[in-house]
Amino acid sequence: MSRVLVVGGTGLCGRQVTLEAVRRGHEVSVASRRVPAEGDPAYVAGVRYAMVDLVSAHGLEAALDLNDVLIDTTNGMGRSSSTVFTVGALNLLHAAARWGIGHAVLLSIINVDKSSYSYYRAKAAQEQIYRESALETRIVRTTQFHDLVTSFFERGARFGMIPALSGVRFQTIATADVARILVDAATGVGEPEATETFGGPQVLTTRQMAEQWKSRTGRRGLIVPAPVPGSLGALWKSGGNLAPDRAAGTISYADWLTSRA
Ligand SMILES: NC(=O)c1ccc[n+]([C@@H]2O[C@H](COP(=O)([O-])OP(=O)(O)OC[C@H]3O[C@@H](n4cnc5c(N)ncnc54)[C@H](OP(=O)(O)O)[C@@H]3O)[C@@H](O)[C@H]2O)c1
C-alpha cells in the first residue's frame, strides 16, 4: 500500500484516479481549492481532503505531509491555465521535494509539444518543470478523453448542429482507463523518468463518433462538417492525436456512451 496524493482529485479525471487508488487499497489524499462535502458528486468516501491553491501555495505543506507519491491531474481554464501549469507546478514540486515525496506522476496530452496552441504550450512547460524536478517523475500522455469530443457534440446540438471535425479522427479514451494507467505509474509500473503515451481502444472519424453519440443518446441534430483552424487543428488533421500502437484503453466510445445513459 502507498500513500497517494491526487492533486486535482475532485476534477473530471482526478476523481476517477481517486476512486481507482481507493479501490486498490491505497491511503489516498486529495488536494484542490474546493473541498467537496459528503454527498457531492466529487466526494469519495475514505479520502482525506485538503484545501490547497497551487498558485498561492496556500495549504500545500499540510497536504503533502505523510504521502509517498503524488499524481497531478490539475487543470486550468483560459488565461489561468498557464499559471496553474507553471507557477502551480513549481510550488507543488518544490514543496514535495522538501517533504520527502519521492515520486510524481503527471497527466499530460499526446504530442503536447507539437502545437503552438497556447494551452498546449502551457502543458508542455508543465511537463518540462516535472522533468527538471528533484522527484522521480513519470509523465503519462493520453489521447483526448471521450468527454472532450462529446462536449463538442453537446454544445453544437443546442443549435441543432453536431460538428463533425473535417479531416479529424480521434482515438478517445475513458477517464476510468486513464485512472488505471496513472495509478499503475504511481505504483512503479513502467520506466522511471519516462514520458509515455496511451490511447483509447479505437480510431474513429468525428462523424462516426457523432453518429454513435446520436444513436446512444437519442439527441437530434444535423451532423455537419466543421473546420478546425489553427495549430491544434493542424496537429489533429495530421493524426498527431493518434497512437494506434499504444491502444491501452479498454472502454470504447460506444460502451462509454451506453454506461453514461
Ligand atoms: N480533456 C482531455 O481530452 C485531456 C486529454 C489528456 C490529458 N488531459 C489533461 O488532464 C488534466 C485534467 O483534466 P480534467 O478535465 O480532469 O480537469 P478538471 O475537471 O478541470 O479538474 C481540474 C482539477 O484541478 C483542480 N485545480 C484547478 N486549479 C487548481 C489550483 N490552483 N490549485 C489546486 N487545485 C486546482 C480543480 O479543483 P478546484 O477547482 O476545486 O481547485 C480540479 O480538481 C488536464 O491537465 C488536461 O490537460 C485532458
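This structure is a prediction, so every number in the text was calculated from the model and none was measured.

Asks: I would appreciate a short explanation of the sheet that holds strand E2 (residues 27-32) in the present structure.
Replies: Overall, parallel pairing links the 7 strands, which are arranged E3-E2-E1-E4-E5-E6-E9 in an open sheet. Each of the sheet's edge strands pairs with one partner strand only, and the pair in question is strand E3 (48-51) and strand E9 (195-198). Within this sheet the neighbouring strands show an average axis-to-axis angle of 20 degrees, counted without direction. Here strand E6 (residues 136-142) runs beside E9; their pairing, made up of 4 bridges, is parallel. If you follow Thr142 over to E9, its bridge partner there is Phe198. Here helix H4 (residues 118-131) sits on the sheet and contacts strand E4 (69-72), strand E5 (103-109), E6 and E9; the angle it forms with E5, its principal contact strand, is near 160 degrees.

Asks: Where do I start with the packing of aromatic side chains in this structure?
Replies: Aromatic rings in a pair are described by how distant their centres are and how their planes are angled relative to each other. For the structure on display, the rule yields 8 aromatic pairs. With a centroid separation of 5.8 Å and 45 degrees between ring planes, the pair formed by Phe153 and Trp213 is classed as tilted. Highlighted residues: Phe153 in helix H5 (residues 146-157) and Trp213 in helix H7 (residues 206-217), separated in sequence by 60 residues. Pair check on accessibility: Phe153 and Trp213 agree, each one buried. When the ring of Phe170 is compared with that of Trp236, the centres are 5.0 Å apart and the planes differ by 75 degrees; the resulting orientation is edge-to-face. With Phe170 in strand E8 (residues 169-170) and Trp236 in helix H8 (residues 230-237), the pair connects residues that are 66 residues apart, well separated along the chain. By the burial criterion, Phe170 is buried, and Trp236 matches it. An aromatic cluster is present here, built from Phe85, Tyr117, Tyr119 and Tyr120 joined pairwise through their rings. The ring centre of Phe85 lies 4.7 Å from the NZ or CZ of Lys123, which sits over that ring. Taking NZ or CZ as reference, Arg246 lies 5.0 Å from the ring centre of Phe198, over its face.

The rules behind the values
Residues numbered from 1 in each chain as written. Predicted model: local features only at pLDDT ≥ 70, side-chain atom pairs only at ≥ 80, totals over all residues. Heavy atoms only, no water. Pairing = 2+ DSSP bridges. Helix = DSSP H or I, 4+ residues; strand = E, 2+ residues; numbered from the N terminus. Axes fitted to C-alpha atoms, helices over the stretch in contact; angles between N-to-C directions. Contact = heavy atoms within 4.5 Å. Phe/Tyr/Trp six-rings, centres within 6.5 Å; stacked < 30°, edge-to-face > 60°. Buried < 20%, exposed > 50% of the residue type's maximum accessible area, 1.4 Å probe, protein only. Lys NZ or Arg CZ within 6 Å of the ring centre and 35° of its normal.

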